[in-house]
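Given next are the chains, with one letter for each unit.
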4 protein chains.
Amino acid sequence: GRLLVLIAGPCVIESEEATLRHAERLMTICNGLGMPLIFKSSYDKANRTSINAFRGPGMDEGLRILSKVKESLGIPVLSDIHSIEQVAPAAQVLDVLQIPAFLCRQTDLVVAAAKTGKVVNVKKGQFLAPWDMRNVVGKVAASGNENIILTERGASFGYNNLVVDMRSFPVMRSYGYPVVFDATHSVQLPGGQGESSGGQREFVETLSRAAVATGIDGIFMEVHEDPSCALCDGPNSIPLAELPALLKRLQALDAVVR
Amino acid sequence: GRLLVLIAGPCVIESEEATLRHAERLMTICNGLGMPLIFKSSYDKANRTSINAFRGPGMDEGLRILSKVKESLGIPVLSDIHSIEQVAPAAQVLDVLQIPAFLCRQTDLVVAAAKTGKVVNVKKGQFLAPWDMRNVVGKVAASGNENIILTERGASFGYNNLVVDMRSFPVMRSYGYPVVFDATHSVQLPGGQGESSGGQREFVETLSRAAVATGIDGIFMEVHEDPSCALCDGPNSIPLAELPALLKRLQALDAVVR
Amino acid sequence: GRLLVLIAGPCVIESEEATLRHAERLMTICNGLGMPLIFKSSYDKANRTSINAFRGPGMDEGLRILSKVKESLGIPVLSDIHSIEQVAPAAQVLDVLQIPAFLCRQTDLVVAAAKTGKVVNVKKGQFLAPWDMRNVVGKVAASGNENIILTERGASFGYNNLVVDMRSFPVMRSYGYPVVFDATHSVQLPGGQGESSGGQREFVETLSRAAVATGIDGIFMEVHEDPSCALCDGPNSIPLAELPALLKRLQALDAVVR
Amino acid sequence: GRLLVLIAGPCVIESEEATLRHAERLMTICNGLGMPLIFKSSYDKANRTSINAFRGPGMDEGLRILSKVKESLGIPVLSDIHSIEQVAPAAQVLDVLQIPAFLCRQTDLVVAAAKTGKVVNVKKGQFLAPWDMRNVVGKVAASGNENIILTERGASFGYNNLVVDMRSFPVMRSYGYPVVFDATHSVQLPGGQGESSGGQREFVETLSRAAVATGIDGIFMEVHEDPSCALCDGPNSIPLAELPALLKRLQALDAVVR
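Here is a short report on the structure shown in this document. Quick caveat, the model's predicted, so the values are computed rather than measured.

Describing the overall build of chain A
For chain A, the count of helices and strands is eight helices and 13 strands. The C-alpha radius of gyration computed for chain A amounts to 17 Å, which stays within 12% of the reference 18 Å derived for 258 residues, consistent with globular compactness. When its C-alpha atoms are laid out on the principal axes, chain A stretches across 40 × 40 × 40 Å. Counting across all 258 residues of chain A, residues that qualify as buried make up 67%. Partitioning the intrachain contacts of chain A with sequence separation of at least 6 by distance along the chain shows that 68% fall at a separation of at least 24. Chain A carries 25 positive and 27 negative side-chain charges, and their two centres are separated by 5 Å.

In structure tokens:
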């Protein structure tokens, strides 16, 4: 059987040094656990709640840093893309092109990403039912690309709250592609702090365990060596120091259902 | 540590013979797994969607049958109560008095049940947040009864659908009492068939696995030897023949997180 | 055409004197507007959030006071009933028997109320779709009573929040019975203050206007001469002094769509 | 006081002839009612459910047609924009740049639209609370543009369904800019037909009346001379023939609350 994969990294690229340091620590953790790793970090947070929030180094500088991670550590890298113009340069560097949840219905972006032949990770929109992803899968596959990952990151549940419907995992897996659970965005309280989103880090383990027990292919987590200093999504990021024990528990659950 | 408990039985008491037969088969299954069993069956379905639906044998006859289960098999029995008048006779027979979800806010019923000293299992209303159960717990405890079980059975999610928010388990467990997951009512589609509620039996295992992996105390399932013939809640009942394998998987997950 | 009816009064019967005083002021207001009035006040709040909350004078004393309102002012009275035992005594006094939202699926209560021949006002449960009320209507009508009122009071929308779906008015009106909008319970934030429910009085007018503009038969409001001193539901009660202007605006909208 | 404005047109530009014909009929209707009109039609439906759905003539041809509408009839025109690259050419022709709901959090798009100085109409995302729009308004205003319109088009309510929370109108109006109700997208059932979105045209009038009665600035409707032949969003489009009577009723309600 396949192994449970980890997609992880700091929410946003804060600096070259910090990015490489996080990637290296993640690699060490995953090597110790025999867990495949895809490094994730965003070069641009294009949809922050407030116009004044930190957005990252921009695409060119961000891709340069991610390419350095890839070369120096030999691990695949993932980042999200926000417009058709970004697809070609991003595909030069990235192993996985991620379609953000808000953009999962933008046909041109999905198709352009698909046509690169790279792995495309589509996050399910907070406004979609699990079965609505069949049409998204159809857009990628119709573009000749079967390297698809689908990611659950919670559904709108009233205002400023998300709920993870565990039924979404078997529904989305039935389409024949790997399904990932984004454990840290799923505990966001969107807009819940007025000018930024809150987060309930205390529920990351609960939801991760539940998702893994249903039988999934990977887990996605934003991590940080010190979440209280993170420049984005600190309230829901997992401290690196807590990661090994958490992943070990998830692997043990995964072993039961695999 | 404590063992994962099973609360199970046919939704409604269909006949003395059928009830005893189901109880015996459940006991055999649970003995084989080393899993404590509480037998559940309702003597009256007081809130069926349609006025023409089968409701059960009524309280007197139902309690007589449940007392027979108890005596002949030596297993504890649970049923739900719907009015203060039912509390005293029910407490004569039942080991666990269950407060239905729709009634979980009816102070007099909760208090009357609590005052019997019996175990009180309160199902969380579909209209309540997990933290709203703190006040329900308060009503029972203020009546001098600490034998409390809290049961999750899904929250309203749009129309004719429920979602199980796995965050509810750690929230409710933080109140210090055992927490149970009702796996079969949680997959109901309330009113979803016009004159009765639909059900998505195919999601029972997914949700059960997820709930057990978060760390809970018991699992509640309506079972039937032949769900297609069940007089109530057939669409979401688990066939007895599938139960042993399912429970074994849940025990294996439970062993990881206990 | 029929006139827009007002169902109003203090949430709970606080005292004989206060009840009569509120009823008289309401009558004066409605007479001035040519608006039919049904006086509403509860003798027992059976499902308060906290066990320590004020519940009212109890059924006997409460019915005595309501019967005094009826005799001295000549206006119909409404109160909610919580168990089958209350149906007969309540029907001696009340013109309208109200089924609380949490209890709208309790078949025996609905049928017992129906069999009195009195008008039965069923509040739609927060957990029901508008079309689910067809089966509730069926339970009343099958008991030989066509004097039915259906009341919208909001649907669960995430946690501790309700939303009023205006589509519910035409759906419920299509069953052939008058439909009422409960403007003050619809702005509750259930459990939103920890040990009691919060309320957004500032939205009562917005929602009332919207509901009346869709074409409804009546409006339900809890009112109080001084909401800050109300013993129940103060945060969402309307001050009596503001009522005449509000009702006048609603009548003007009603005139457009009637 | 200001007049209630209509933003209307066929969902997508089907042809030059059809577009001009619809615009002319709309102008005649609005002139007859003394109602200001903004003509709306999309040159590209960038987020259709299925990859095979009709998308429109594309930006260049679409803008050419809209500019013809503008010149020949002298009415302002609105269309939605989907990427930064579209902003400059669109601003050459359009009077109102519309930000689609799914894209309302894309900072760069919002800012680029704002910097044109044109009126920017932002549709509230189905995944946002009304108060979350304060930050969106902030992004436009911080770009030096106070010509802002905010449009309500329903919030996610479970799966494949939207609910219009009438509280959103006073909340969004409190930010000081005109608020519009999109009556036809609000009755969509997103993804509700498997490969396309369903729609409940029968609720357009109910919701429009309700919204207007709360006090809003404009109403947005997709219309078609024959919705059964529309190339997009037929199930929720209003037949042109029914529009005058509907608008007259809305004006009458508006007159009461203005």
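Notes on the interface of chain C and chain B
Listed per partner, the contact involves 36 residues of chain C and 36 residues of chain B. A combined buried area of about 3200 Å² lies between chain C and chain B, and 49% of that area is made up of carbon and sulfur atoms. Inspection of the region where chain C meets chain B yields two salt bridges. Where Asp108 of chain B meets Arg55 of chain C, a salt bridge forms, and the shortest distance between an N and an O atom there is 2.6 Å.

So, the interface of chain A and chain D
Contact with chain A, which involves 36 residues of that partner, is made by 36 residues of chain D. Of the roughly 3200 Å² buried where chain A meets chain D, counting both sides, 49% is carbon and sulfur surface. Sorting the residues of chain A by area buried against chain D places Ile51, Arg105 and Tyr159 of chain A first, and these three jointly supply 22% of that buried surface. If you look at where chain A meets chain D, you find 12 residue pairs in polar contact (both at pLDDT 80 or more). Put simply, the parts of the chain that give the side of chain A that touches chain D at least two residues each are helix H4 (107-115) and helix H5 (133-141) of chain A. Element by element, the count of residues in the side of chain A that touches chain D is highest for H4 of chain A, at three residues. In terms of residue class, the side of chain A that touches chain D is built from 13 nonpolar, 12 polar and 11 charged.

Details of the relation of the copies chain C and chain B
Rotating chain C by 180 degrees and moving it 0.0 Å along the rotation axis overlays it on chain B with an RMSD of 0.0 Å. A rotation of that kind, with that shift, is consistent with a two-fold axis. Looking at the interface residues of chain C, 100% of them are also at the interface in chain B, so both copies use one shared face.

Focus on the relation of the copies chain A and chain D
Copy one and copy two of the chain differ by a rotation about a common axis and a shift along it. Under the fitted operation, chain A is carried onto chain D by 0.0 Å of movement along the axis and a turn of 180 degrees, and the coordinates agree to an RMSD of 0.0 Å. A share of 100% of interface residues in chain A that are also interface residues in chain D marks the association as one of identical surfaces.

Section: the packing of aromatic side chains
In this description, a pair of aromatic rings is defined by centroid distance and the angle of the planes. According to the stated counting rule, one finds 20 aromatic pairs over all chains in the structure shown. Their ring planes at 35 degrees and their centres at 5.7 Å tell us that Phe127 of chain B and Phe127 of chain C sit as a pair that is tilted. Of this pair, Phe127 of chain B sits in the loop between strand E5 (119-123) and helix H5 (133-141) while Phe127 of chain C sits in the loop between strand E5 (119-123) and helix H5 (133-142), placing the two residues on different chains. Seen from their ring centres, Tyr159 of chain B and Trp131 of chain C are 5.0 Å apart, and the 75 degrees between their planes marks the pair as edge-to-face. Pair noted here: Tyr159 of chain B is in the loop between strand E7 (155-156) and strand E8 (162-163) and Trp131 of chain C is in the loop between E5 and H5, and the two residues belong to different chains.

Regarding helix H2 (residues 59-73) of chain D
All names here are of chain D. Its 15 residues give H2 an end-to-end C-alpha distance of 21 Å, which sits within 8% of 21 Å, the value for a rise of 1.5 Å per residue. All of the buried residues in H2 are Met59, Gly62, Leu63, Ile65, Leu66, Ser67, Val69 and Leu73. Elements in contact with the buried residues of H2: helix H1 (16-33), strand E2 (37-40), strand E3 (77-80) and helix H3 (84-93).

What about helix H7 (residues 204-214) of chain D?
All names here are of chain D. Counting buried residues in H7 gives 10 out of 11 residues, a clear majority hidden from the surface. Considered for burial, the residues of H7 that qualify are Val204, Thr206, Leu207, Ser208, Arg209, Ala210, Ala211, Val212, Ala213 and Thr214. Just downstream of H7, Gly215 is the residue with a positive phi angle, here 100 degrees.

Some points on the side chain of Glu152 of chain C
Residue and element names in this part refer to chain C. Mapping Glu152 onto the fold places it in strand E6 (residues 148-152). Within polar-contact distance, the side chain of Glu152 engages the backbone nitrogen of Gly154 at 2.8 Å. Non-local contacts of Glu152, meaning those with residues more than four positions away in its chain, are made with Lys124, Val164, Ser168, Phe169, Met172, Val180, Phe181, Asp182 and Ser186.

Reading guide: rules and limits
Residues numbered from 1 in each chain as written. Chains lettered and ligands numbered in written order. Predicted model: local features only at pLDDT ≥ 70, side-chain atom pairs only at ≥ 80, totals over all residues. Heavy atoms only, no water. Helix = DSSP H or I, 4+ residues; strand = E, 2+ residues; numbered from the N terminus. Rg over C-alpha atoms; globule rule 2.2 N^0.38 Å. Buried < 20%, exposed > 50% of the residue type's maximum accessible area, 1.4 Å probe, protein only. Contact = heavy atoms within 4.5 Å. Lys, Arg positive; Asp, Glu negative; His and termini not counted. Charge placed at Lys NZ, Arg CZ, Asp CG, Glu CD. Buried area = accessible area lost by both parts, 1.4 Å probe. Salt bridge = Lys/Arg side-chain N within 4 Å of Asp/Glu carboxyl O. Polar contact = N/O pair within 3.5 Å; in protein donor to acceptor, adjacent residues only side chain to side chain. Nonpolar A, V, L, I, M, F, W, Y, C, P; charged D, E, K, R; others polar. Least-squares fit on C-alpha atoms with pLDDT ≥ 70 in both. Phe/Tyr/Trp six-rings, centres within 6.5 Å; stacked < 30°, edge-to-face > 60°. Expected span 1.5 Å × (residues − 1).

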